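# Commentary on secondary and tertiary structure
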Amino acid sequence: MSRFTFKGSALKEISFPLGGIGTGSIGLSGSGRFIDWEIYNRPNKRSFNGFTHFAVKVEEQGQVLDARVMNSDLPPSYMGDIEPGKFNGYGFGPSRYTLGGVPHFKDAEFDGRYPQATIRFLDDTFPGQISLRAWNPFIPLNDKDSSLPLAIFEATATNTAAGRRDFIFAFSVNNPLKLGKRYNEYQHDGPLHLIRLLSTAQEPDNPDSGDLTMSVLADRVSCQQNWFRGSWFDNLSIFWQDFIKAGDFVNRIYRPDDLPDDDKSESVATLAARVSLKGGETKVVRFALAWSFPNAWNYWNPLKEKDNCSADSSGSCCCGAAEAFSQPVWKNYYATLFRDSTETIRYLYANLERLARETNRFMTILYRSSLPETALEALTANLSLLRSPTCLRLTDGSFYGFEGCHCQEGCCEGSCTHVWNYAYALPYLFPKLERSMRDLDYRYNINENGAMSFRLQLPPGRVRSAFRPCADGQFGGVIKVYREWLLCGDSEWLRGIWPQVKRSLEYAWSPENKDLWDPEQKGYLSGRQHHTLDMELFGPNSWLSGFYLAALEAGARMAAALGDTDSAAHYRACLERGKTWVDQHLFNGEYFHQQIDLTDDHVLDPYADPGMLSGDVRSAYWNDEAGELKYQIGEGCAIDQVLAQWHCDLIGLGDIFDRAKVRRALASIYRYNYHDSMRQVFNPCRLYCLNDEAGTAICSWPNGVRKPVVPVPYSEETMHGFEYQAGSHMIMNGLETEGLAVVQAVRDRYNGTARNPWNEIECGSNYARSMASYALLLAYSGFSCDLVHNRIGFHPLHDDAGSRFFWSADPAWGEIVFDKSQITFELAGGEIKLGCFSLPQAAMIRQIVLNRQPAAFSCLDGELILAHDLDLKAGDRLCFIRQA
């Protein structure tokens, strides 16, 4: 069975997120239930909007043959835990809101290929075949249409009988609004039928204000604007009585004025569509649900009176916030595009054919890319993170991310620079959004002396985080600016932020750097270094010094391109000193380590701030009982020891470490950190891998090597973003078998039975670091991009005939196909100017043809240089004909 298909017990943990970028999402469970209602501008795990469901009935000659809720069996436990509280929590069995007590299908098969999921409902006793396909528009580079706050559902029926039968699909949604009295309005325009879920209290700036719209596109439609309102179990009982009768629904309307002021009863609405099928015929009915909760605010870290917000003359900062000392509210980006959910629905249907075509085109190209299925699964499953409540879009469209999600709030605020260092999906699929993160950082997060806060505060313009800069985040920002510059080719954008980027790089030796990273400009870090493992290292190490070296390389290249030749020369001299020192002092023959004397407490003398812990720095970092420093790596083998080289390999920054030593280090990570079973592995930390599951630990201390009594935090954990970067880096450096084992170990844990395949966890759900898995596509395709010089390249790991790969950069996306006689480069979307191609065996190319027209070229140093830059647009095909 495909890794994308789930059955039986593997349906248990599935929650497939449906929504747009920065819109929140609704989860489709493996059994067909709607869970995790996270559309209210914050996470909402394990939530339920009771009675929301699809149902189907079959009629023949005016008689109902069968009627079912489109769910499979409710997974255990059956002790009750969905609705806590009196009379409906633990000890009362599953909540009736699950519809577990309503006739349903026995089993289901769930096929999930993000952004689309299909559930085939299985039951031999049902007179027909039924499936439900759910999806959202997902189109590379088109951030608007990929940010629609809605979900689309395609219900499919096949008549397996010989004679004609009618199939009736009913979509029911509970009105979840909190303010005022809830009511529902029916509208129709030809075959488009809508029910708007509304409330009587719509306060313009209240975060609870909002609306939803459900819809169906069909010729014969009936509805109930409201289920029966009563007490006890009346509503569901009477709905089912109505549904199992032959014929259409009779509408029921409750107007707001008819309801008591304190009305709290459920307000459920149903839209039903009837299709008549001949024997053997199949038809599809398309439904959609859109939502609009336009007002976002910083509920996790509210503005305090001492804070300020640097607003413009209108009283608003870039997010749209106002009133500096109240709690400012900003509009979600989608609320600037659509007045309400009904307008969103109408936009959907006006553009549906195009949205479906372009989304399917993206999926077709991506899913036929020549990656091992495990790698493709890891890559595609984690694209769902972009549509989870981890991600927000501010009023102007700028992108903001938490690290992950607590159950009911974002986890670890601020587009955390060191966590988002690992996330490679956004910069390639939606480069404009990734650039907006750089713009926010270098506008709001940098101090006058170049120190970068690594957590952006919302609303933008309020007082920066006072915590010390982190080395991997600070220098990772410089590397990412270089990456974004190459992907878009916009040197004016770079020029605009270069003064801040330069200042942040030179903070390494600034006299105001109290952490003394590199005061003598030796080219490596030796001071106090905060990092993504949440504490500080005090001695030189390849992990964080590598980030510094890569930033110096990127800085030198950017400075030279902008005419800042003195800075370029300065950075390069520092870089060469650092590379030489690291090569000579930090490699032990097997791997790179940290140079530190764990028994020397004087290393703490220059520092006073204890960081994340209380007390002074000595109590935070000194273990009196053992007589040694705490939270260090020492002689350990760390999973991220050559992380900076991973970045360099992905974006073309060259070698900052000796290549042979990088390969040896990666082999050592596999040898010492990878475990094919965790059963005998001690782990006092968080349990992301246990029992007979395989995983790769953050740090190991091979036999004969001294392990600190209190080592670097999380060292025994298996964090997925770290594992993906190590695995993909192994694949890029001749260790494909080992790298795939590392990747597969992660995805085997997310098998639907134990964990949700579309929710990789670390510090909370939907954890951003897991988007490191996108690097697997870059590893196998060998894709490189330098649009500053109109250059693009592909050097696949396996140059097999028939290999093909999806690719994407700032202005365009498409596919490249390698055949025996030619290489075909095709644009599926956007436009791009290209003048140089780096391809395998370039000297063997005898002709280049654009849409059947020859293009003049020359070959220089293994690259194909076109005589004239080509302006390519969607649909264009460039063929590189090989010599026979």
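Right above here is the structure, for reference.
Let us look at the structure shown here. (Residues numbered from 1 in each chain as written. Predicted model: local features only at pLDDT ≥ 70, side-chain atom pairs only at ≥ 80, totals over all residues. Heavy atoms only, no water.)

Here the focus is the pattern of salt bridges. Summed over the entire model, instances satisfying the criterion amount to 67 salt bridges. Put simply, Asp-143 and Arg-393 hold a salt bridge, and the shortest N to O gap is 2.9 Å. Here Arg-393 lies in strand β20 (residues 391-393) and Asp-143 lies in the loop between β9 (129-135) and β10 (150-158), a separation of 250 residues in the sequence. Overall, the relative accessible area of 5% leaves Asp-143 in the buried class. Taking the relative accessible area as the measure of exposure, Arg-393 reaches 2% and is therefore buried. (Salt bridge = Lys/Arg side-chain N within 4 Å of Asp/Glu carboxyl O. Helix = DSSP H or I, 4+ residues; strand = E, 2+ residues; numbered from the N terminus. Buried < 20%, exposed > 50% of the residue type's maximum accessible area, 1.4 Å probe, protein only.)

Another aspect to go through is the pairing of strand β36 (residues 822-838). On a regular strand, each side chain points to the face opposite its neighbour's, so the side chains alternate between the two faces of the sheet. Along β36, 12 of the 17 residues are buried, which leaves the element largely enclosed by surrounding structure. As defined by bridge partners, strand β33 (residues 791-793) adjoins β36 across three bridges and the pair is classed as parallel. The partner of Ile-792 across the bridge, within β36, is Phe-837. Relative to β36, strand β35 (residues 812-818) runs antiparallel, the two sharing seven bridges. Considered in β36, the bridge of Phe-818 is made with Ile-823. (Pairing = 2+ DSSP bridges.)

So, about helix α4 (residues 373-381). With eight of nine residues buried, α4 lies mostly within the body of the structure. Along α4, the residues that are buried comprise Thr-374, Ala-375, Leu-376, Glu-377, Ala-378, Leu-379, Thr-380 and Ala-381. Where the residues of α4 are buried, they touch α3 (341-367), α15 (720-732), α16 (736-749) and α17 (775-781). (Contact = heavy atoms within 4.5 Å.)

Take the packing of aromatic side chains next. Across all of its chains, the model carries 64 aromatic pairs by this definition. Aromatic pair Phe-16 and Trp-758: ring centres 5.0 Å apart, planes at 70°, arrangement edge-to-face. You can see Phe-16 sitting in strand β2 (residues 15-19) and its partner Trp-758 sitting in the loop between α16 and α17, a full 742 residues away along the chain. Assigned by exposure class, Phe-16 and Trp-758 land together as buried. Measuring from ring centre to ring centre gives 5.9 Å for Trp-232 and Phe-233, while their planes differ by 70°; the resulting arrangement is edge-to-face. Under the relative-accessibility criterion, Trp-232 is labelled exposed at 73%. (Phe/Tyr/Trp six-rings, centres within 6.5 Å; stacked < 30°, edge-to-face > 60°.)

Turning our eyes to something else, we now look at unusual backbone geometry. The residue after Tyr-114, namely Pro-115, is reached through a cis peptide bond having omega 15°. With respect to the helices and strands, Pro-115 occurs in the loop between β7 (107-113) and β8 (116-122). Note that the residue after Leu-458, namely Pro-459, is joined by a cis bond; omega there is -5°. Following the sequence through the fold, Pro-459 ends up in the loop between α7 (431-445) and α8 (471-488). One non-glycine residue, Leu-99, lies in positive phi territory at about 65°.

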